[in-house]
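Spelled out, the chains give:
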Amino acid sequence: MHGEKSNYLSYPIVIVTPDKEALCWLAELEKDFFFQVVSEIKEYQKLLTGQSNIAAVIFDQIDQASEFLTLTKIHSLRAKTFALVLPAQLDHLENIIPDDLSCQPLVKPCQSEILRLELVRSIEQQIWSREQELLLAVQRQESWFSLIGQLTREWAHEIRNRAAIISLNAEISMTKGREQSLKSFNLAGIMEKIIEQCLKISKTLDSIRELSNIGQSRFPLVSLEQVIEQVLFLIKLEAPKVHIQVEKRGSVDLSLSLGESARLRSALLGTLRYFGRIKAGLSPVLILIENQQGLCLKICIKDILPEAIVDLALIDGPLQDLLSADPKVLDFALGIRLLKAFGSEVSIHRDESGGEMIMMVTSPRR
Amino acid sequence: MEPKHILLVDDDTGMRDVLRDILEDEGFKITTAENGKIALQQLETQTFDLVLTDLKMPQMDGIEFLECIEQNHPEVKVIVITAYGGKNNYDQAKYLGAFEFLSKSIRIEELKKIVKGIISRENEI
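Every value quoted in this text rests on a predicted model; they were computed, and no experiment measured them. (Residues numbered from 1 in each chain as written. Chains lettered and ligands numbered in written order. Predicted model: local features only at pLDDT ≥ 70, side-chain atom pairs only at ≥ 80, totals over all residues. Heavy atoms only, no water.)

### What to know about the overall build of chain B
Stage number 1. Looking only at helices and strands, chain B features 5 helices and 5 strands.
Stage number 2. Expressed as a percentage of the 125 residues in chain B, the buried residues total 51%.
Stage number 3. Contacts in chain B between residues far apart in sequence, at least 24 positions, make up 62% of those at least 6 positions apart.
Stage number 4. Just so you have it, chain B exposes about 6,200 Å², and 44% of that area is on carbon and sulfur atoms. (Helix = DSSP H or I, 4+ residues; strand = E, 2+ residues; numbered from the N terminus. Buried < 20%, exposed > 50% of the residue type's maximum accessible area, 1.4 Å probe, protein only. Contact = heavy atoms within 4.5 Å. Areas by Shrake-Rupley, 256 points an atom, 1.4 Å probe, with all protein chains shown as cover.)

### Focus: the environment of Ile-22 of chain B
Stage number 1. As for its position among the elements, Ile-22 of chain B is in helix H1 (residues 13-25).
Stage number 2. On the basis of relative accessible area, Ile-22 of chain B is assigned to the buried category, the value being 4%.
Stage number 3. Taking C-alpha positions, Ile-22 of chain B is 7.5 Å from Ile-108 of chain B, a pair spaced 86 residues apart along the chain.
Stage number 4. Excluding its chain neighbours within four sequence positions, the residues that come into contact with Ile-22 of chain B are Leu-168 and Ile-172 of chain A together with Ile-108, Leu-111 and Lys-112 of chain B.

### Description of the nonpolar core
Stage number 1. Core analysis: the biggest nonpolar cluster contains 30 residues, and Ile-6 and Val-115 of chain B have the highest contact counts within it.
Stage number 2. Taken together, the elements giving at least two residues each to this core come down to helix H4 (112-179) and helix H5 (187-218) of chain A together with strand S1 (5-9), H1, strand S3 (50-53), strand S4 (78-82) and helix H5 (108-120) of chain B.
Stage number 3. For this core, the element with the highest residue contribution is H5 of chain B, accounting for 6 residues. (Core = buried A, V, L, I, M, F, W, Y, C linked by side-chain atoms within 4.5 Å.)

### Things to note about the interface of chain B and chain A
Many descriptions give the size of an interface as the accessible area lost when the pieces come together.
Stage number 1. If you look at the interface, chain B gives 20 residues, while chain A gives 16 residues.
Stage number 2. There are 3 salt bridges connecting chain B and chain A.
Stage number 3. Two residues, Arg-107 of chain B and Glu-171 of chain A, come together in a salt bridge whose shortest N-O distance is 3.2 Å.
Stage number 4. At the junction of chain B with chain A, the criterion picks out 6 residue pairs in polar contact (both at pLDDT 80 or more).
Stage number 5. Residue assignment for the side of chain B that touches chain A shows that the elements contributing at least two residues are H1 and H5 of chain B.
Stage number 6. Looking at the side of chain B that touches chain A, the element that brings in the most residues is H1 of chain B, giving 8 residues.
Stage number 7. Of the residues contributing to the side of chain B that touches chain A, the split by class is 8 nonpolar, 4 polar and 8 charged. (Salt bridge = Lys/Arg side-chain N within 4 Å of Asp/Glu carboxyl O. Polar contact = N/O pair within 3.5 Å; in protein donor to acceptor, adjacent residues only side chain to side chain. Nonpolar A, V, L, I, M, F, W, Y, C, P; charged D, E, K, R; others polar.)

In short, geometric facts, not functional conclusions.
Structure follows, in structure tokens:
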């Protein structure tokens, strides 16, 4: 893990100490980890707000151990906690730390190597848990979509059935009316059947609406950041060496519905997989911009090979042509088609001077 | 001359009614069944010139019903009429000997023409 600090940037380690000099012996470790140093418990409390990915907390005010640990517990952090102690304090530790709060003592300064190993273990554990959570979230969404797919199919069938009955009954009325044989023909009966079918369609539509409400409550709006995180996670599983840089310009705080997030995820995955296959080792930059038109996602990839530029005419053209294209192009193009079908504007062009490929996806605000 | 006898199989009452109205108007004798299982019982006790069946039905769906017809009543002509077919169902139905595979969105004149055409084909099986 040495020298791979960038991998651990998202998992900060909080050090709570009133005396920063006292931790100079940790300077060696700073090369490998991302430390956030705070001086007192109030500052620590402020830091915890909105932070869920703290990998470890180290504090050296042993007399306040109970407060620190309780605060950590209240914020439901999975962070491992360490108390820096002097050899003489070891014996009294049991009296200071309550039974229900766990904390590992580290004798300063001699146990820095143990601390390094523990921190690595703790971060790896956090990464693993986070990945499991993301995987679970993705799986849950996928199974939900599968269910929606099945139900939609059933309802489409149901509505089509009703529409066919209405159409056939209407045609009978029309024909009979034309033949002027209305005497022997029960028009009221036919109309009743048509109305009955219309009511059944209406009930089916109610069910669709109800499911849409349930879906919305079970899967509330997803933030754009969550979608990006899921995409990065999935790409990381497929291509561990691809490093994707995400940049936010301005305040991007757009909540997406389940459907929107799935579409965006699908398009991003398709795009990144496609470019990842074209040239290994690319470092795409995703730039998220929220402007008056809506959410704008700009994907910039430098040193792109000419063949990596997909002809937009192919994406917009007949599906038949697309299906016969290279599978990696198909994967990418289907994602783009999906976005466009739901109202996003997509443009792809190559900056001739810099050899940079720029793809812009603009999704209108709802 | 005895009217031609058609067995109409569909789980939806509305669809059975409207198809019966259309075909009775053309002079056919109609018997209805709400699923494949009941239709098979009818096939055991009566003679039919044509079976008009839906695919998606409870208890025994159209494809399973077609398989049974192919095994036990290969002389019976079958038309499949469905809301949503799909290529797999189409291929399967054709493989199992269905004469036609129709959409329920069909116009009445077209339906009559196809039914009459198939019934008038003698000894074609």
